[in-house]
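An overview of the molecular structure
Given next are the chains, with one letter for each unit.
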Amino acid sequence: MKHQIGEKELRVAVMVSGGGSNLDAIFQAIAKKKLTNVQIVCVGSDNPGAYALTRAENAKIPTFILDYKEALKIIRNGGEPPEGFKIPASVVDQESAQKLAAKALAEAKLLEIMQKYKVDLLVLAGFMKILTPYFLNHFQPDPFKPRILNIHPALLPAFPGTDGYKDAWDYGVKVYGPTVHFVDKGVDTCAIIGQVALCRKESDTFEEFKDRGLRAEWELYPKCIRLFADGRLIVESGEDGKRNLVRISP
Ligand code: GRF
């Protein structure tokens with residue numbers, strides 16, 4: 001798990017789907033040397049219109065597109081899923097099986113690109129696709145050596161899913177905030193690395209509530225990447241035997 005500080009920089013790929021304010025926060029942290037021994041080697045997206053890609057291009061970082069729609073067309077026209085892909089027993093209908101095979105086909109390209117750039121860590125920063133077991137088995141086969149991070153806009157395990165701020169706001173929570181966690185085969189389920197607890201103000205509009213959350217994300221994500229780069233994240237079995245937990249070594 002330990003990344004050898006000083007021996008070489010951690011090579012990071014970032015996947016994005018939208019505006020890329022978290023990507024920008026990572027760039028800023030590197031520029032200000034708050035995040036050291038880390039190099040962003042490529043930025044990819046499922047969305048060719050993502051402004052995050054422009055941010056990466058401005059920073060002279062190579063970018064790429066993962067075309068999930070094209071992959072689905074290929075599979076629907078009888079194309080083969082990547083070698084090693086298996087349809088889980090839980091998937092019984094043809095439509096779902098095809099969608100999963102198409103995702104794996106797009107992910108095979110991601111694996112190829114990450115191999116080309118010799119990626120050590122994959123950072124999901126507003127990436128709106130769920131990675132399949134096919135991808136996870138290839139990139140992080142050892143559950144005690146995870147190397148995919150995600151930021152979620154809610155205090156997990158509360159409000160998993162795509163719209164954490166809105167869900168928390170609608171629920172009327174008084175405390176909320178982002179979570180950085182490792183990624184596993186569930187949705188927003190894996191070991192928690194860091195969280196920030198924020199208070200909702202009585203006077204808040206939703207925009208103010210969300211804006212405070214986003215600002216906390218921009219602080220939290222670079223800090224968690226730094227913990228990974230410094231080899232300080234130790235993954236251990238939880239006492240309940242059901243989940244793995246992250247211990248932060250001093
Ligand atoms: C963030 O709120 C992040 O937590 C969520 O999607 C949003 C992405 O924002 N997963 P950005 O693209 O980094 O600006």
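Check the entry above for the structure.
Residues numbered from 1 in each chain as written. Predicted model: local features only at pLDDT ≥ 70, side-chain atom pairs only at ≥ 80, totals over all residues. Heavy atoms only, no water.

1. A short note on the overall build of the protein chain
The criterion, for reference: Elements are defined by DSSP. Helices are runs of H or I of four residues or more, strands are runs of E of two residues or more, and each kind is numbered from the N terminus. We compute the radius of gyration from the C-alpha atoms alone; for a globule the expected value is 2.2 Å times N to the 0.38, where N is the number of residues. Using a 1.4 Å probe on the protein chains alone, a residue whose accessible area is under 20% of its type maximum counts as buried, one over 50% counts as exposed, and one in between counts as partly exposed. Here, Shrake-Rupley sampling with a 1.4 Å probe gives the accessible areas, and only protein chains in the shown set may cover a residue. For the charge count, each Lys or Arg is scored as positive and each Asp or Glu as negative, with His and the chain ends excluded. By convention, the point assigned to a charge is CZ for Arg, NZ for Lys, CD for Glu and CG for Asp.
Per the secondary structure count, the protein chain includes seven helices and 11 strands. In terms of C-alpha radius of gyration, the protein chain reaches 18 Å, essentially the compact-globule figure of 18 Å for 250 residues. Along the first, second and third principal axes, the C-alpha set of the protein chain runs to 55 × 45 × 45 Å. Looking at the 250 residues of the protein chain, the share that counts as buried comes to 46%. With an accessible surface of roughly 13100 Å², the protein chain has 53% of that area assigned to carbon and sulfur atoms. Averaging the coordinates of the 34 positive side-chain charges in the protein chain and doing the same for the 31 negative ones gives two points 4 Å apart.

2. Re the packing of aromatic side chains
For the record, the criterion: Only centres within 6.5 Å qualify two rings of Phe, Tyr or Trp (six-membered ring in Trp) as a pair; their planes then separate them into stacked at under 30 degrees, edge-to-face at over 60, and tilted for everything else.
Applying the stated rule across the entire model yields nine aromatic pairs. On the basis of an interplanar angle of 20° and a centroid distance of 3.8 Å, the ring pair of Tyr 176 and Phe 209 is categorised as stacked. Linking Tyr 176 in strand 6 (residues 175–176) with Phe 209 in helix 7 (residues 206–229), this pair joins segments that are 33 residues apart in sequence. Across the pair, exposure class does not vary: Tyr 176 and Phe 209 are buried alike. With a relative accessible area of 0%, Phe 209 lands in the buried category. Each member of the aromatic cluster is reached from another via a ring pair, and the members are Tyr 165, Trp 169, Tyr 176, Phe 206 and Phe 209.

3. Looking at the sheet that holds strand 5 (residues 148–152)
Let me state the cut-off plainly: Two strands qualify as a pair provided DSSP detects at least 2 bridges between them. Orientation is described by axes fitted as lines to C-alpha atoms, over the contacting stretch for helices, and by angles from 0 to 180 degrees between their N-to-C directions. Should any heavy atoms of two residues lie within 4.5 Å, those residues are considered in contact.
Sheet architecture is open: seven strands sit in the order 3-2-1-4-5-7-8, paired in mixed fashion. Two strands in the sheet have a free side with no partner beyond their single neighbour: strand 3 (63–65) and strand 8 (192–195). Put simply, the sheet's adjacent strands are angled 20° from each other on average, direction ignored. Where helix 4 (residues 94–116) meets the sheet, it contacts strand 1 (10–16), strand 3 and strand 4 (121–124), and its direction lies at approximately 165° from that of strand 3.

4. A closer look at the pattern of salt bridges
Let me state the cut-off plainly: Each salt bridge in this description consists of a side-chain nitrogen of Lys or Arg and a carboxyl oxygen of Asp or Glu lying within 4 Å of one another.
Scanning the model with the defined rule gives 10 salt bridges in all. Put simply, Arg 55 and Asp 24 hold a salt bridge, and the shortest N to O gap is 3.9 Å. Taken together, the positions of Arg 55 in helix 2 (residues 51–58) and Asp 24 in helix 1 (residues 21–31) put the pair 31 residues apart, joining distant regions of the chain. Asp 24 sits in the partly exposed class, given a relative accessible area of 25%. Linked through salt bridges whose partners overlap, the residues forming this network are Arg 76, Glu 95 and Lys 99.

5. Side note on the site of the ligand
Here is the rule we go by: Here a residue is near a molecule or strand as soon as one of its heavy atoms is found within 4 Å of it. Put simply, Ala, Val, Leu, Ile, Met, Phe, Trp, Tyr, Cys and Pro go in the nonpolar bin, Asp, Glu, Lys and Arg in the charged bin, and everything else, Gly too, in the polar bin.
Neighbouring residues of the ligand: Gly 18, Gly 19, Gly 20, Ser 21, Asn 22, Gly 126, Ile 151, Pro 153, Tyr 165, Leu 214 and Glu 217. Relative to its free-state accessible area of 370 Å², the ligand is covered by the protein chains to the extent of 81%. Listed by contribution, the elements that provide at least two residues to the shell around the ligand are helix 1 and helix 7. Within the shell around the ligand, the residues separate by chemical class into four nonpolar, six polar and one charged.

6. Here's the deal with helix 6 (residues 164–171)
Heads up, the condition is: Along the arc lie the directions from the helix axis toward the C-beta atoms.
Looking only at helix 6, the buried set comprises Gly 164, Tyr 165, Ala 168 and Trp 169. End-on view of helix 6: buried residues confined to an arc of 125°, all on one side of the axis. Exposed side of helix 6, more than 90 degrees from the buried face: Asp 170 and Tyr 171 are the residues found there. Contacts made by the buried residues of helix 6 are with strand 5, strand 6 and helix 7.

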